[in-house]
Amino acid sequence: MTDKQIHELLASMSLEEKLGEMTQMAPNFFGTEDSVDLTGPMKAMNLRPEDVSCLGSTLNAFGAEKLIQMQKEHMARQPHHIPLMFMADVIHGLKTVYPIPLAMACSFDTGLMEEAAAMAARESAVTGVHLTFSPMADLVRDPRWGRVMESPGEDPLLGARMTQATVKGYQGEEMSAPDRIASCFKHFGGYGGSEAGRDYNTVDISDGTLREFYLTAYKAAVDAGAAMAMTSFNTIDRIPATGNKKMFRKILREEWGFDGVAITDFGAVHEMIAHGYAADGTEAAKYALEAGADIEMMSTHYLNEGRKLVQQGKIDISLIDEAVLRILQLKNKLGLFENPFKGADPEKEKQVHLCKEHLEIARRAAARSIVLLKNEGGLLPLDKSQKIGLAGPFANSADVLGGWAFAESAEQATLYSGLKQHGVQITAMAMAEPLRPMQQGFMDVSDQTAELERLADCDIVIAGVGEHPDDTGESASKTVLRLSHNQEKMLERLHDMGKKVIAVIFSGRPMEIRPVLPFCDAVVQAWFLGIEAGNGIADVLCGDVNPSGRLAMSIPQTVGQVPVYYNHMNTGRPLIGEPHRYVSCYLDCPNEPLFPFGYGLSYSDYRYTDLCIDKTVGAEDGTLLNVSVDVENTSDIAGRETVQLYIHDVAASVVRPVKELKDFVQIDLQPHQRRTVCFQVTRAMLSFWNNEARVFEPGDFEIMVGHSSDELLCERVTIS
Ligand code: NOJ
């Protein structure tokens, strides 16, 4: 359709039709004409059958045949035959599930991220989905929050790059292409700052912290052309995000120029009443409309209150018109007016879902997302000639996909099957009963440590430990991040039995593993790696893939340190040297996390030398410094190194973080190969938000390059 035709369509729509377009309901609200008015939930929402014919979109319906049928029926009923938009939570793949987003961020591999998202787009498009509620760009610092699994971690730059790659992967050049889908970034904004890591809780962050840390990845999504933004459940500066004019009108639309659609999170308009912000549904609808939320997801205040608000002059019709215009424009960008079924194709669906090419991507992504935390005495890669046993609740569990996974079966995903595929002979297995989710009231299985005797003959025991996947994700906040009691006991016992212990940790968040670290010779952070988890892990354990993942989120020593993150500010009493009274430290714990952001071992060793900084002030592209460093693989095995550049602004008009990641590159190094890696430090990299504007202040800067946020070469320069 031309833009003119879109405007004509808008002008010909009734107010009810417009409000319907602005309302999203779950698929069970649709159906045949006879049955719709009978459904209970509809009554509760005061939704009439004629409203259903005007609804503009639905969520989480899958299957090409079903969606084609649904679209046909809906368009026949819709007064102007406007097609529905099918949206869904395709968070880390549809059928070919790839690692959870936090794990993908640990790969530091934006190309791989884009490839994985493009694969998710292909699988979604053939099933009839037009838009995914992904990426989640929420910066996170608190592993108590279950949703850290959906996030790209604690760093704004890594978060921004991963977010950008994800949006590009979904949308490609043209989101109307049959194999592409639109992307909705979420949750705007600052949802990751939920107080005490409790889901849906209050967020209260200063403007400076918001702009410099929390907003960066959302902005990257906007810059990458994401079609949609989703509100978050939290209040921010005491106003619910869904009714927050500063966030949506000022920052998102005015400052960043976002002209896409804004959708609320599930029931979030209604929740403004419970927040104590809106007195009733009428006020809730008014506030959300004023803030510029174009689509109300899963509550019906727009439909029920919109007409009254317009008639009473409390809302200008132009607010509704601009919202509907944006929605129609998105449908048009997706090409739905020409082809309302878009890529939906039952035949292709069979060919594309779980095809060989996709499984290969998922496997590569799984191996690249793994972070090797400890490898004493070079226990890994595995010596297959040793007697190897398996233990723990994840030894043979297929429940390793992570939340938001729609795959039916994941038999091949288990640790056991992966190792078997790689020709590892498993001598014995013990304590392999899978965990139960905490929501069922269970924290652990019964004590089975006696079973460990079965492993008496083994030299090495690989222990699959962690948390149940249902104990991560939405509404899965925890205050205790330790492994369950039985798992801790198991690791200790195996160590006491004289076994070499390799712990493979399956989790959606950094866990508190300090108590078991002494019992483990090697520790592999495997997260939830998706449908190829078993193969990906075995690729790393057996040495087919040299681990290259780095932590996208610090692992705390204890939950008492949380939030603990690398890019913090300094205090006026920093801890230097040994802890002592009246400096900023704990009596019972170091300040540093157990493993910091950017950390991750490899089977290779790398040496950094010759950090050189060349001042090239005045270069046209805004480059202020050329930085180079030599990186050498000093081992006999080829590896992939992620070279990280951090800066520290020594003194500024607002206090700056002790270090901030400003760039990173991945290089492949053959045994004993040495390469010079160059970075450009630009003015933009050194500028910051001074509580009023972004500014650059000349002065002293520390330039740091190295392997991890805690392992860096450092040079100080003065920029005038
Ligand atoms: C609520 C979640 O917060 C959001 O991330 C998700 O996209 C919606 N539900 C829709 O399922």
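Figured I'd write up the structure that's included with this text. This is a predicted model, so every value here is computed, not measured. (Residues numbered from 1 in each chain as written. Predicted model: local features only at pLDDT ≥ 70, side-chain atom pairs only at ≥ 80, totals over all residues. Heavy atoms only, no water.)

**Things to note about the overall build of the chain**
So, step 1. Within the chain, the secondary structure is distributed over 22 helices and 25 strands.
So, step 2. Against the compact-globule benchmark of 27 Å for 720 residues, the chain has a radius of gyration of 26 Å, which places it among compact chains.
So, step 3. With respect to the three principal axes, the spread of C-alpha positions in the chain is 75 × 65 × 45 Å.
So, step 4. Relative to its full complement of 720 residues, the chain shows a buried share of 62%.
So, step 5. By sequence separation, contacts in the chain at least 24 residues apart represent 78% of the contacts at least 6 residues apart.
So, step 6. Here the chain displays about 26,500 Å² of accessible surface, and carbon together with sulfur accounts for 49% of that area. (Helix = DSSP H or I, 4+ residues; strand = E, 2+ residues; numbered from the N terminus. Rg over C-alpha atoms; globule rule 2.2 N^0.38 Å. Buried < 20%, exposed > 50% of the residue type's maximum accessible area, 1.4 Å probe, protein only. Contact = heavy atoms within 4.5 Å. Areas by Shrake-Rupley, 256 points an atom, 1.4 Å probe, with all protein chains shown as cover.)

**Thoughts on unusual backbone geometry**
So, step 1. Here the bond from S134 into P135 is cis, since omega is 5°, no more than 30 degrees from zero.
So, step 2. On the secondary structure map, P135 appears in the loop between strand 4 (131-132) and helix 9 (156-171).
So, step 3. Despite not being glycine, R238 has its phi angle at roughly 75°, a positive value.
So, step 4. Structurally, R238 is set in the loop between strand 7 (235-236) and strand 8 (239-240).
So, step 5. In this model, L354 sits at a positive phi of 60°, which is unusual for a non-glycine residue.
So, step 6. As for its placement among the helices and strands, L354 is situated in the loop between helix 17 (346-352) and helix 18 (356-369).

**So, the pairing of strand 5 (residues 182-188)**
Sheet faces and side chains relate simply in a regular strand, where the side chains alternate between the two faces.
So, step 1. The buried fraction of strand 5 amounts to 7 of the 7 residues, a majority that puts the element mostly inside the structure.
So, step 2. Bridge count between strand 4 and strand 5: 2 bridges; the pairing is parallel. Looking at the pairing, L131 lines up with A182 of strand 5.
So, step 3. Running through helix 9, the crossover from strand 4 to the neighbouring parallel element strand 5 is right-handed. (Pairing = 2+ DSSP bridges. Right-handed = clockwise from strand over helix to strand, strands pointing away.)

**Regarding the site of the ligand**
So, step 1. Neighbouring residues of the ligand: 14 residues in total, closest D89, R147, K186, H187 and D265.
So, step 2. Between an oxygen atom of the ligand and a side-chain N or O atom of K186, the distance comes to 2.8 Å.
So, step 3. Between H187 and the ligand, the recorded distance is 2.7 Å, taken from a side-chain N or O atom to an oxygen atom.
So, step 4. Expressed as a share of its isolated accessible area of 300 Å², the protein-covered part of the ligand is 96%.
So, step 5. A per-class count over the shell around the ligand returns 7 nonpolar, 2 polar and 5 charged. (Near = heavy atom within 4 Å. Polar contact = N/O pair within 3.5 Å; in protein donor to acceptor, adjacent residues only side chain to side chain. Nonpolar A, V, L, I, M, F, W, Y, C, P; charged D, E, K, R; others polar.)

**Some words on the pattern of salt bridges**
So, step 1. The final tally for this structure, using the stated rule, is 47 salt bridges.
So, step 2. Its salt-bridge partner being E21, residue K331 comes within 2.4 Å of it at the nearest N-O pair. Of this pair, K331 sits in helix 16 (residues 317-333) while E21 sits in helix 2 (residues 15-21), and the two are 310 residues apart along the sequence.
So, step 3. The partner of E660 in a salt bridge is K662, with the nearest N and O atoms 3.8 Å apart.
So, step 4. Under the relative-accessibility criterion, E660 is labelled buried at 10%.
So, step 5. We classify K662 as buried; its relative accessible area is 15%.
So, step 6. Linked through salt bridges whose partners overlap, the residues forming this network are D207, R211, K246, K250 and E255. (Salt bridge = Lys/Arg side-chain N within 4 Å of Asp/Glu carboxyl O.)

**A few points about the sheet that holds strand 17 (residues 606-615)**
So, step 1. Strand order in the open sheet formed by 3 strands is 17-18-21, with antiparallel pairing between adjacent strands. Bordering the open sheet on either side are strand 17 and strand 21 (674-682), each of which pairs with just one other strand. The average angle at which neighbouring strand axes cross in this sheet is 20°, direction not considered.
So, step 2. Direction of pairing for strand 18 (residues 623-633) relative to strand 21: antiparallel, over a ladder of 9 bridges. Its bridge partner being in strand 21, S628 is matched across the sheet by C678. (Axes fitted to C-alpha atoms, helices over the stretch in contact; angles between N-to-C directions.)

**Points about the packing of aromatic side chains**
So, step 1. Applying the stated criterion to the full structure yields 19 aromatic pairs.
So, step 2. With a centroid separation of 4.7 Å and an interplanar angle of 45°, the aromatic rings of F62 and F406 are classed as tilted. Remark: F406 occurs in the loop between strand 12 (388-391) and helix 19 (415-421) and F62 occurs in the loop between strand 2 (57-59) and helix 6 (64-77); sequence separation between them is 344 residues.
So, step 3. On the basis of relative accessibility, which here comes to 24%, the residue F406 falls in the partly exposed class.
So, step 4. Ring geometry for F696 against F701: centres 6.5 Å apart, planes inclined by 5°, an arrangement best described as stacked.
So, step 5. Three or more aromatic residues joined by ring pairs form one cluster here, namely F185, F188, Y218, F248, W256 and F258. (Phe/Tyr/Trp six-rings, centres within 6.5 Å; stacked < 30°, edge-to-face > 60°.)

**Considering the side chain of N234**
So, step 1. In this structure, N234 sits in the loop between strand 6 (228-231) and strand 7.
So, step 2. Apart from the residues lying within four places of it in its own chain, the contact partners of N234 are G189, G190, Y191, Y200, N201, V203, I239, P240, A241 and H275.

**Quick look at the sheet that holds strand 12**
So, step 1. Overall, mixed pairing links the 6 strands, which are arranged 11-16-15-14-12-13 in an open sheet. Each end of this open sheet is capped by a strand with a single partner; those strands are strand 11 (371-375) and strand 13 (426-430). For this sheet the average axis-to-axis angle between neighbouring strands, irrespective of direction, equals 15°.
So, step 2. Relative to strand 14 (residues 460-466), strand 12 runs parallel, the two sharing 4 bridges. Paired with L390 across the strands is I462, a residue of strand 14.

**Examining the environment of F406**
So, step 1. Taking the C-alpha atoms as reference, F406 lies 14 Å from G473; in sequence the two are 67 residues apart.
So, step 2. Dropping the residues within four chain positions of it, F406 is found in contact with F62, D89, L94 and K95.

Function cannot be read off these values alone, since they describe shape.
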